[in-house]
Amino acid sequence: MSRVRSVIRPDVLAMSAYHVADASGLIKLDVMENPYRLPEALAKDIAALVAGVAINRYPIPSAERLRALIRQTMQVPAGCDVVLGNGSDDCIQYLTAAVAREGAVVMAPSPSFVMFQMQANFFRLPFVGVPLREDFSIDVDAFLQAIAQHQPALVWIAFPNNPTGNAFALDDIEKIVRAAPGLVVIDEAYQPFAGASFMSRLNEFDQLVVMRTLSKVGLAGLRLGYLAGRSEWIAEFNKTRPPFNLNVLTEAVAIRLLENKSVLDDMAARVLTERERIAPLLRGLTGLTVYPSAANFILVRVNGAPGRGTRVFNAMKADGVLVKDFSGGHPSLQNCLRLTIGAPDENNAMIRALKHALE
Ligand SMILES: *Cc1c(COP(=O)(O)O)cnc(C)c1O
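Residues numbered from 1 in each chain as written. Predicted model: local features only at pLDDT ≥ 70, side-chain atom pairs only at ≥ 80, totals over all residues. Heavy atoms only, no water.

Peer 1: I'm lost on the site of the ligand in this one. Help?
Peer 2: Neighbouring residues of the ligand: Gly-87, Ser-88, Asp-89, Phe-113, Asn-162, Asp-187, Ala-189, Tyr-190, Thr-213, Ser-215, Lys-216 and Arg-223. For the ligand, a nitrogen atom lies 2.5 Å from a polar atom in the side chain of Asp-187. One of the side-chain nitrogen or oxygen atoms of Lys-216 is found 3.1 Å away from an oxygen atom of the ligand. Its free accessible area being 390 Å², the ligand has 93% of it covered by the protein chains. Across the shell around the ligand, the residue classes tally to three nonpolar, five polar and four charged. (Near = heavy atom within 4 Å. Polar contact = N/O pair within 3.5 Å; in protein donor to acceptor, adjacent residues only side chain to side chain. Areas by Shrake-Rupley, 256 points an atom, 1.4 Å probe, with all protein chains shown as cover. Nonpolar A, V, L, I, M, F, W, Y, C, P; charged D, E, K, R; others polar.)

Here you go:
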């Protein structure tokens, strides 16, 4: 239809929609979901709670109770506040909207989470990706130079980083935060598996905001993310946030789950135990480079010519295991596969399939 072509932005016409692989019948280890369901008693409790929610009413945009519970359970420092999102993807969008002055530069390490750049593009902001070193650590001198040159309004640092899985050195991040002339957002989507956080340091740096999500600790389907920072920042993001972005069911369920946060902590601990169990098993396979992980996934590189990674991915899929293939994406991720940590049985099947595929 020519009207579509004349109305829709050319860059949007040229894009493809975010692709989610069909996982039916497969062991699903592609998108960092937590493998565990809630304990049955809690699931039943939630069913009763949901039955009582007034879905005929709009959500109350302030979500006071949930925000208070997040401040308390996530140790958000005094003087700081939180603003909620329909997943942290939503936070990335309305935060970018709030900083989108004409020509404002958005910067992030590269490769990193693709939404940082996508949202910059949607708001027509120039995006600068600063290449990571070969071992995926931050090239801090290059980063500081890029900051001096481009004066970014917004710097995103995923800590730990996706898709590489490593946590950048705290010292390097601190240097970037101090040098940045604008806002720095530390995306702590994987914090429950990392054992390090900038949350307690929000008052130390005026320019710092921390973003988190409950997606990677077992609630990916619920869609709840949040930004934590000095109240002055949060008040502004609250203006570009769609007022009813958090639905009443998510709000009610999240409150109940955070009241039972030990359930979430236990699931994260089990995943962490699995990561420590399988990392050495992966390192024992020949033909594979295994990168260090502080997250609930492990990035590996299949040694060999371009194309081998995708062949291994396809062979694993034929063996019933879906992981994520990064060949054909960012050039530094050629032959890389991202393996989400699942339940012990799933991980064993994944390692069997990978070993088989490498033979
Ligand atoms: C998964 C992920 C998110 C997005 O999570 P939501 O499900 O939208 O909350 C944000 N940042 C990084 C680095 C991620 O890997």
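Peer 1: What exactly am I supposed to notice about the domain arrangement of the protein here?
Peer 2: How big an interface is tends to be reported as the loss of accessible area on association of its parts. In terms of domain boundaries, the protein breaks down into domain 1 (2-39 + 262-358) and domain 2 (52-260). Centre-to-centre, using C-alpha coordinates, domain 1 lies 23 Å away from domain 2. Listed per partner, the contact involves 30 residues of domain 1 and 29 residues of domain 2. Together, the buried faces of domain 1 and domain 2 total about 2400 Å²; carbon and sulfur atoms form 67% of this surface. When the buried surface of domain 1 facing domain 2 is broken down by residue, Arg-9, Leu-264 and Ala-294 rank first, second and third, together holding 24% of it. Between the two partners, domain 1 and domain 2, sit zero salt bridges. Between domain 1 and domain 2 we count eight residue pairs in polar contact (both at pLDDT 80 or more) in total. Elements with a minimum of two residues in the side of domain 1 that touches domain 2: helix 11 (261-283) and strand 10 (297-302). (Domains from an automatic or database assignment. Contact = heavy atoms within 4.5 Å. Buried area = accessible area lost by both parts, 1.4 Å probe. Salt bridge = Lys/Arg side-chain N within 4 Å of Asp/Glu carboxyl O. Helix = DSSP H or I, 4+ residues; strand = E, 2+ residues; numbered from the N terminus.)

Peer 1: What should I look at first to understand unusual backbone geometry in this one?
Peer 2: Across the chain, the bulk of peptide bonds are trans and the bulk of non-glycine residues have phi less than zero. A cis geometry characterises the amide bond from Ser-110 onward to Pro-111, with omega recorded as 5 degrees. Note on placement: Pro-111 falls in the loop between strand 3 (106-110) and helix 6 (114-122). At the junction of Asn-162 and Pro-163, the peptide bond is cis and its omega measures out at 15 degrees in the coordinates. As for its position among the elements, Pro-163 is in the loop between strand 5 (154-158) and helix 8 (170-179). Positive phi outside glycine occurs at Arg-124, with the angle close to 60 degrees. Relative to the elements of secondary structure, Arg-124 occurs in the loop between helix 6 and strand 4 (127-131). In the Ramachandran plot, Phe-136 falls in the positive-phi region, its phi being about 70 degrees despite a non-glycine side chain. Residue classification places Phe-136 among the buried residues on the basis of a relative accessible area of 2%. (Buried < 20%, exposed > 50% of the residue type's maximum accessible area, 1.4 Å probe, protein only.)

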